[in-house]
Amino acid sequence: MKLGANLVIGGALFALAIFVGLLAPWLAHTDPVMDANLLNAEEPPSWIWWFGTDAQGRDIYSRVVHGARISLTVGIVSQLVNSVIGVTLGLTAGYWGGWWDDFVNGLTNLMLAIPSLIFALAIMAVLGPGLTSLLIALGLTNWSFTCRIARASTLSLKSQGYVQAARVLGYGDFRIMITQLLPNMVGPIIVIGTLGMGGAILAEAALSFLGLGVRPPYPSWGSMLSEARDQITTAPWLSIFPGLAIFLTVLGLNLLGDGLRDILDPQSRSRRT
Amino acid sequence: MTGSPLLEVEDLRIDLNYRSSHVAAVEGVSFRIDRGETFGLVGESGCGKSITALALIGLLRQPLSIGAGAIRFDGREIQRLSAAEQRALRGNRIAMIFQEPMTALNPVSPVGRQIAEMFVLHQGKDWREANRLAVEALASVRVPAPERRVKDYPHQLSGGMRQRVMIAIALACGPDLLIADEPTTALDVTVQAEIIELMRNLCAERGTAILMISHDLGLVANVCRRVAVMYAGRIVEERGSDDIFRASAHPYTQGLVDSLPRLGSRAALGRTRLTEIAGVVPAITDFPDGCRFNPRCARATDICRTTEPETTWLDAGGLVRCHHHA
Ligand SMILES: Nc1ncnc2c1ncn2[C@@H]1O[C@H](COP(=O)(O)OP(=O)(O)O)[C@@H](O)[C@H]1O
Ligand code: SF4
Ligand SMILES: [Mg+2]
């Protein structure tokens, strides 16, 4: 199987982000929060301050490196929650049908009708800012695509011989869902999940930028952008580097998602041949 | 192990439900299978064999449902059992294999795991033990190098190998009854013979009864001691396998026999054409009045077009439903 360029480049960018996030304490030069020093405030990038410093003299490089942890945590955890919700609802709705299916469909359409960022904003407004609220808000609002894919996959897999055979062999509903249906839909679910992770990282940035996400002084890429707003002309490095980090990570996830789609999603494969 | 049969089907009717109305897709079907016995159900495609099999294991789904009659397995009426009790029977005491070995296995799960699942599900084994038993099960269906094959995915196996895996899964828990619905129709002729032989031998060794379903009378008569011939949702004749060739009583059965290629006499003549039964099985919604076979029957008379024939018990054993049976 030929690995596409999308897969390789996207995978490399995402792997880099994970690597940076995992090794942040060792990669960072200074403490991202505590090591403020007004004597070297707003230094431009140099050999000492790779990405420059902010108004309080904190090392932007160290803050971007630590920010990877928060952005990736938000992206991965919230998307995991979305995937679990979406798969659970979509799989059971497609499998059982009836009123439960109608209910799940209605809920999905409702979620699709409201832009998820607006929905997340509303939840954040109720829960207040902070990482936990962010995870809850983003984890509960972006499962509709996963749900649709899971439901559609279930409907088409349900008539497959091996699902019928499982019933004949005495499998119960849950065993059929876990062993026969779920493993046969992981491809598209992973693709949607990868793309969704990128979306969640962007949403974190947006919410933090609006002051609803991770609160300063803790560095998330979004909150760093938010703080850098006023100095965008005087000290552009304050926004360029966190912005670049967001851009590369999200680009990486999107490329990875597309690359995975090519090898994992049979529908797009048959569309091409 | 008294005189009670393993499976007893009594006056089974299967309804096809359209909104408020319903028509009988299968009607008045009765037969019994004793422990360790081999019983065949034969008929052209569409005559109701598969839905009868599904009814036996409690898996008819809308728009089909059991309209009347009783199915007793080991003395217990299947319809009276709870969903959980039915599940505990399926795959455990009543197993089934189908026509498509290509699609009946989960493509993303190694075959060993699919066999092992049966031991976990029905016998409460842990996975370690179940995996060990899966290797044994695969060996018992004569798959070479079973300890390596258990790790294979279905697409790595040939059609014949997959059907062996299906047999291993079906027989894993030592069922009392194996239902084989057109088990070899999708396979090459040479592979067919091997699979049938394997199935028959394994079931004979273990005392598993077989309900063999096929459109192929030759195949069924070869495997089974008794054969029931089904036409348009009814059993029209039930006989010992030998009798059915020597002295079939129902015109439809005779038609099936005549359409079989025969070794010896006729084959020697080479160019003798096989006689097909003219016409097709009527759709469920327009079964003709009287005998359902009458539009295709050379022996049909007026009474056949108005009155359904009753069951006649033959002196030689067996039964037939025909006004003018041989
Ligand atoms: N799910 C279903 N809905 C409607 N009709 C069905 C369904 N399943 C089977 N039938 C009809 O029931 C009849 C018997 O089908 P089946 O038992 O599959 O025949 P066989 O196995 O003898 O070829 C056929 O006419 C078929 O069209
Ligand atoms: S009852 Fe009449 S129509 Fe039916 S099989 Fe017998 S002879 Fe033919
Ligand atoms: Mg059939």
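Residue positions are counted from 1 within each chain, in the order its sequence is given. Labels are handed out in written order, letters beginning with A for the chains and numbers beginning with 1 for the ligands. In keeping with the model being predicted, local features are shown solely for residues with a pLDDT of at least 70 and side-chain atom pairs are shown and tallied solely at 80 or more, while totals for entire chains, interfaces and linings include all residues. In computing side-chain values, all of the structure's heavy atoms are included and hydrogens and water are not.

1. Topic: the nonpolar core
Side chains of a nonpolar character, in soluble globular proteins, are inclined to be buried together.
And step 1. Residues enter a nonpolar core if they are buried and are Ala, Val, Leu, Ile, Met, Phe, Trp, Tyr or Cys, with the set joined through side-chain atoms within 4.5 Å. Note on classification: 1.4 Å probe, protein chains only; a residue is buried when its accessible area is under 20% of the maximum for its type, exposed when over 50%, partly exposed between these limits. In this structure, L177 and I179 of chain B are the most contacted members of the largest nonpolar core, which totals 118 residues.
And step 2. For helices the rule is a DSSP run of H or I covering at least 4 residues; for strands it is a run of E covering at least 2, with both sets numbered from the N terminus onward. Considering every element that reaches this core, the biggest residue donor is helix α6 (residues 159–171) of chain B, with seven residues.
And step 3. Counting 28 residues, the second largest nonpolar core, distinct from the first, contains Y61, I201, W237 and V250 of chain A.

2. A closer look at the site of ligand 1
All names here are of chain B.
And step 1. Taken together, the neighbourhood of ligand 1 is formed by L16, S45, G46, C47, G48, K49, S50, I51, P63, L64 and I284.
And step 2. Contact distances for ligand 1 include 2.6 Å between an oxygen atom and a backbone N or O atom of G46.
And step 3. A 3.5 Å cut-off defines polar contacts: any pair of N or O atoms within that distance qualifies, except that in protein one atom must be a possible hydrogen donor and the other a possible acceptor, and neighbouring residues in sequence count only when both atoms are side-chain atoms. Within the backbone of C47, one N or O atom sits 3.3 Å away from an oxygen atom of ligand 1.
And step 4. The protein chains shown are the only cover counted for residues, whose accessible areas, like all others here, come from Shrake-Rupley with a 1.4 Å probe. Against a free-state accessible area of 560 Å², the protein chains account for coverage of 63% of ligand 1.
And step 5. With three residues, helix α1 (residues 49–56) is the single largest residue contributor to the shell around ligand 1.
And step 6. Residues of the shell around ligand 1, tallied by class, amount to six nonpolar, four polar and one charged. Neighbouring residues are identified by heavy atoms, a residue being near a molecule or strand if any of them is within 4 Å of it. Think of it as three bins: nonpolar holds Ala, Val, Leu, Ile, Met, Phe, Trp, Tyr, Cys and Pro, charged holds Asp, Glu, Lys and Arg, and polar takes everything else, Gly as well.

3. As for the environment of M177 of chain A
Residues and elements named next belong to chain A.
And step 1. Among the structural elements, M177 can be located in helix α9 (residues 173–181).
And step 2. Residue classification places M177 among the buried positions, given a relative accessible area of 4%.
And step 3. For the pair M177 and T92, spaced 85 residues apart in the sequence, the C-alpha separation amounts to 8.1 Å.
And step 4. In what follows, residue pairs with any heavy atoms lying within 4.5 Å of each other are defined as contacts. Those residues in contact with M177 that sit more than four places away from it in its chain are L91, T92, Y95, W96, L182 and P183.

4. Concerning the interface of chain A and chain B
And step 1. Taken residue by residue, the interface counts 14 residues in chain A and 20 residues in chain B.
And step 2. When a carboxyl oxygen of Asp or Glu lies within 4 Å of a side-chain nitrogen of Lys or Arg, that pair is called a salt bridge. Here chain A and chain B share one salt bridge between them.
And step 3. In this structure, E117 of chain B engages R175 of chain A in a salt bridge whose closest nitrogen and oxygen atoms are separated by 2.6 Å.
And step 4. Along the contact surface separating chain A from chain B lie seven residue pairs in polar contact (both at pLDDT 80 or more).
And step 5. Elements that contribute at least two residues to the side of chain A that touches chain B include exactly α8 (161–168) and α9 of chain A.
And step 6. At five residues, α8 of chain A tops the list of elements feeding residues into the side of chain A that touches chain B.
And step 7. Classifying every residue of the side of chain A that touches chain B gives six nonpolar, six polar and two charged.

5. Some remarks on the confidence of the model for chain B
And step 1. Looking at any residue, its pLDDT shows the predictor's confidence there, from 0 to 100. Residues at a pLDDT of 70 or more form 95% of chain B, whose mean pLDDT is 90.
And step 2. Ignoring residues within four places in sequence, the model shows residues 265–271 of chain B, a span with pLDDT below 50, making four contacts including any to other chains.

6. Examining the side chain of Q114 of chain B
Residue and element names in this part refer to chain B.
And step 1. Relative to the elements of secondary structure, Q114 occurs in helix α3 (residues 111–123).
And step 2. Residue class for Q114 comes out buried when judged on its relative accessible area of 7%.
And step 3. Within polar-contact distance, the side chain of Q114 engages the backbone oxygen of N106 at 2.8 Å.

7. Concerning the environment of N254 of chain A
Residue and element names in this part refer to chain A.
And step 1. Within the secondary structure layout, N254 lies in helix α12 (residues 237–264).
And step 2. Residue classification places N254 among the partly exposed positions, given a relative accessible area of 32%.
And step 3. In this structure the C-alpha to C-alpha distance between N254 and G11, which are 243 residues apart in sequence, comes to 9.7 Å.

8. Section: the site of ligand 2
And step 1. Close to ligand 2 lie 13 residues, the nearest being C291, C297, C304, C322 and H323 of chain B.
And step 2. When its residues are assigned to classes, the shell around ligand 2 shows eight nonpolar, four polar and one charged.

9. Points about α8 of chain A
And step 1. In terms of residue burial, α8 of chain A counts as a mostly covered element, since six of its eight residues are buried.
And step 2. When α8 of chain A is considered as a whole, its buried residues turn out to be Y162, V163, A165, A166, R167 and V168 of chain A.
And step 3. Packing partners of the buried residues in α8 of chain A comprise α3 (60–96), α7 (144–158) and α9 of chain A together with β6 (94–97) of chain B.
And step 4. Backbone geometry just after α8 of chain A places G170 of chain A at a positive phi near 90°.

10. A closer look at unusual backbone geometry
All names here are of chain B.
And step 1. Following Q62, the chain continues to P63 via a peptide bond in cis, the omega torsion being 5°.
And step 2. Considering the arrangement of structural elements, one finds P63 in the loop between α1 and β4 (64–73).
And step 3. The phi torsion at D11 lies on the positive side, around 50°, for a residue other than glycine.
And step 4. Relative to the elements of secondary structure, D11 occurs in strand β1 (residues 7–18).
And step 5. The phi dihedral of D74 falls on the positive side, at around 55°, and the residue is not glycine.
And step 6. Along the chain, D74 falls in the loop between β4 and β5 (76–77).

11. A short note on the pairing of β4 of chain B
Residue and element names in this part refer to chain B.
And step 1. A strand pair is defined by DSSP finding two or more bridges across the two strands. Where β1 meets β4, eight bridges bridge the pair, whose relative direction is antiparallel. By the bridge assignment, D15 is partnered in β4 with S65.
And step 2. With two bridges joining them, β4 and β5 adopt antiparallel strand pairing. Residue pairing for β5: F73 is matched across the bridge by R76.
And step 3. Counting the residues in the hairpin turn of β4 and β5 gives two residues, including D74, whose phi is positive at 55°.

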